[in-house]
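Working through the structure, step by step
Now for the letters of each chain:
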Amino acid sequence: GAGVSQSPSNKVTEKGKDVELRCDPISGHTALYWYRQSLGQGLEFLIYFQGNSAPDKSGLPSDRFSAERTGGSVSTLTIQRTQQEDSAVYLCASSGIAAPKRRQYFGPGTRLTVT
Amino acid sequence: GESVGLHLPTLSVQEGDNSIINCAYSNSASDYFIWYKQESGKGPQFIIDIRSNMDKRQGQRVTVLLNKTVKHLSLQIAATQPGDSAVYFCAETDTGSSNTGKLIFGQGTTLQVKP
């Protein structure tokens with residue numbers, strides 16, 4: 001398909017373990033965003049990539065959270081030493097440089113449960 | 001601080017009626033607004049967007065109205081169908097100097113369509 005894909009769709013991990021979440025944006029989209037959605041809440045911005053660089057990391061909640069993007073395409077969000085409060089749905093979105101360049105298309109999300 | 005809020009957490013309408021979902025925002029610098037539909041277990045799906053130089057935009061069965069004077073946004077759905085049942089989020093961004101395009105989301109309104 002031509003949409004944003006994310007893997008895994010579900011992840012259950014024990015407190016203290018590290019997890020990696022993957023996002024494949026729409027082909028050709030240079031902008032990539034990570035958001036977090038807690039149960040019954042709106043989406044909270046985490047980090048923004050333009051190409052491989054991350055000019056806005058202001059939403060990362062702690063230094064346990066990091067993300068990278070390689071080849072201007074796939075991005076990985078890593079959470080180290082997971083805590084129960086990290087349990088949420090992690091959503092990735094991408095946006096192209098052509099108008100409407102602000103329109104973000106979302107993937108299905110990864111549901112993370114920390115036990 | 002910035003906030004985007006929805007007036008009602010749940011809206012229940014009869015199939016075939018028109019639905020109106022409201023949203024208030026506080027950042028007067030916001031110049032781009034977008035509505036998403038989120039079904040259970042899925043990522044947000046783009047519905048319609050509008051820029052601040054417009055006050056109305058129409059799509060298929062949907063209309064977005066923007067009132068910058070009172071910082072209010074609404075989504076109108078004509079002839080609501082059972083498939084419209086979902087959570088609806090408004091989001092805004094300020095494409096100013098930071099120019100990252102990160103979206104600030106409201107908490108969401110659940111639309112329930114009664115057959």
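The numbers attached to residues start from 1 for each chain and follow its sequence in the written order. Both sets of labels track the order of writing: A upward for chains, 1 upward for ligands. The predicted nature of this model means local features are confined to residues of pLDDT at least 70 and side-chain atom pairs, given and counted, to a pLDDT of 80 or more, with totals for whole chains, interfaces and linings taken over all residues. Excluding hydrogens and water, the side-chain figures rest on all heavy atoms present in the structure.

With that out of the way, let us pick up the overall build of chain A. To qualify as a helix, a DSSP run of H or I must reach at least 4 residues; to qualify as a strand, a run of E must reach at least 2; elements of each kind are numbered from the N terminus. Scanning chain A from terminus to terminus reveals zero helices and eleven strands. Helices (α) and strands (β) of chain A occur, in sequence order from the N terminus, as β-β-β-β-β-β-β-β-β-β-β. We compute the radius of gyration over the C-alpha atoms and compare it with the globule rule, which gives 2.2 Å times the number of residues raised to the power 0.38. In terms of C-alpha radius of gyration, chain A reaches 13 Å, essentially the compact-globule figure of 13 Å for 115 residues. Counting only C-alpha atoms and orienting by the principal axes, one finds that chain A spans roughly 40 × 25 × 25 Å. Expressed as a percentage of the 115 residues in chain A, the buried residues total 48%. Contacts: residue pairs with any heavy atoms within 4.5 Å of one another. Residue pairs in contact within chain A that sit at least 24 positions apart in sequence constitute 53% of those at least 6 positions apart. In this description, accessible areas are obtained by the Shrake-Rupley approach with a 1.4 Å probe, and a residue is regarded as covered only by the protein chains that are shown. For chain A, the exposed area adds up to about 5400 Å²; of that, 46% sits on carbon and sulfur atoms. In chain A, 13 side chains carry a positive charge and 10 a negative one; their mean positions are 6 Å apart. Each residue's exposure class comes from its accessible area (1.4 Å probe, protein chains only) as a fraction of the maximum for that residue type: buried when under 20%, exposed when over 50%, partly exposed otherwise. Here the positive residues are Lys and Arg and the negative ones are Asp and Glu; neither His nor the chain ends is included. Every charge is mapped to an atom, namely NZ of Lys, CZ of Arg, CG of Asp or CD of Glu.

In this section: the pattern of salt bridges. In what follows, salt bridge is the name for a side-chain nitrogen of Lys or Arg lying within 4 Å of a carboxyl oxygen of Asp or Glu. For the coordinates displayed, the defined rule picks out eight salt bridges over all chains. Of the charged contacts in the structure, one is a salt bridge between B:Lys42 and B:Glu39, with a shortest N-O distance of 3.7 Å. For B:Lys42, a relative accessible area of 49% puts it in the partly exposed group. Owing to a relative accessible area of 27%, B:Glu39 belongs among the partly exposed residues under this scheme. Residues joined in a network through salt bridges with shared partners are A:Arg103, B:Asp49 and B:Arg57.

We now examine the sheet that holds strand 7 (residues 65-69) of chain A. Residue and element names in this part refer to chain A. For two strands to be treated as a pair, DSSP must find at least two bridges joining them. Strand order in this open sheet of four strands is 1-3-8-7, and the pairing throughout is antiparallel. For this open sheet the edge positions go to strand 1 (5-7) and strand 7, each flanked by a neighbour on one side alone. Taking each pair of neighbouring strands and ignoring which way they run, the sheet shows an average axis angle of 15 degrees. Judged from the three bridges that link them, strand 1 and strand 3 (residues 19-24) form a sheet pairing that is antiparallel. Counted as the bridge partner of Ser-7 is Arg-22 from strand 3. To obtain each axis, a line is fitted to C-alpha atoms, and for helices this fit is confined to the stretch in contact; angles are then taken between N-to-C directions over 0 to 180 degrees.

Before going further, it helps to spend a moment on the layout of surface pockets. Any residue with an atom within 4 Å of a point lines the site, the site being either a cavity, points on a 1 Å grid over the protein atoms alone where a 1.4 Å probe fits but cannot get out, or a pocket, an open set with protein on both sides within 12 Å along at least 5 of 7 lines. Grid points are joined across faces, edges and corners, and a volume is the space filled by probe spheres set on the points. The computed volume of the largest pocket comes to approximately 510 Å³. Contributing elements (two or more residues each) for the lining of the largest pocket: strand 9 (88-95) and strand 11 (110-114) of chain A together with strand 9 (86-93) and strand 11 (109-114) of chain B. Looking at the lining of the largest pocket, the element that brings in the most residues is strand 11 of chain A, giving four residues. Gly is put with the polar residues, along with every residue not named as nonpolar or charged; the nonpolar set is Ala, Val, Leu, Ile, Met, Phe, Trp, Tyr, Cys and Pro, and the charged set is Asp, Glu, Lys and Arg. When the residues that make up the lining of the largest pocket are grouped by side-chain class, the tally is nine nonpolar, 17 polar and three charged.

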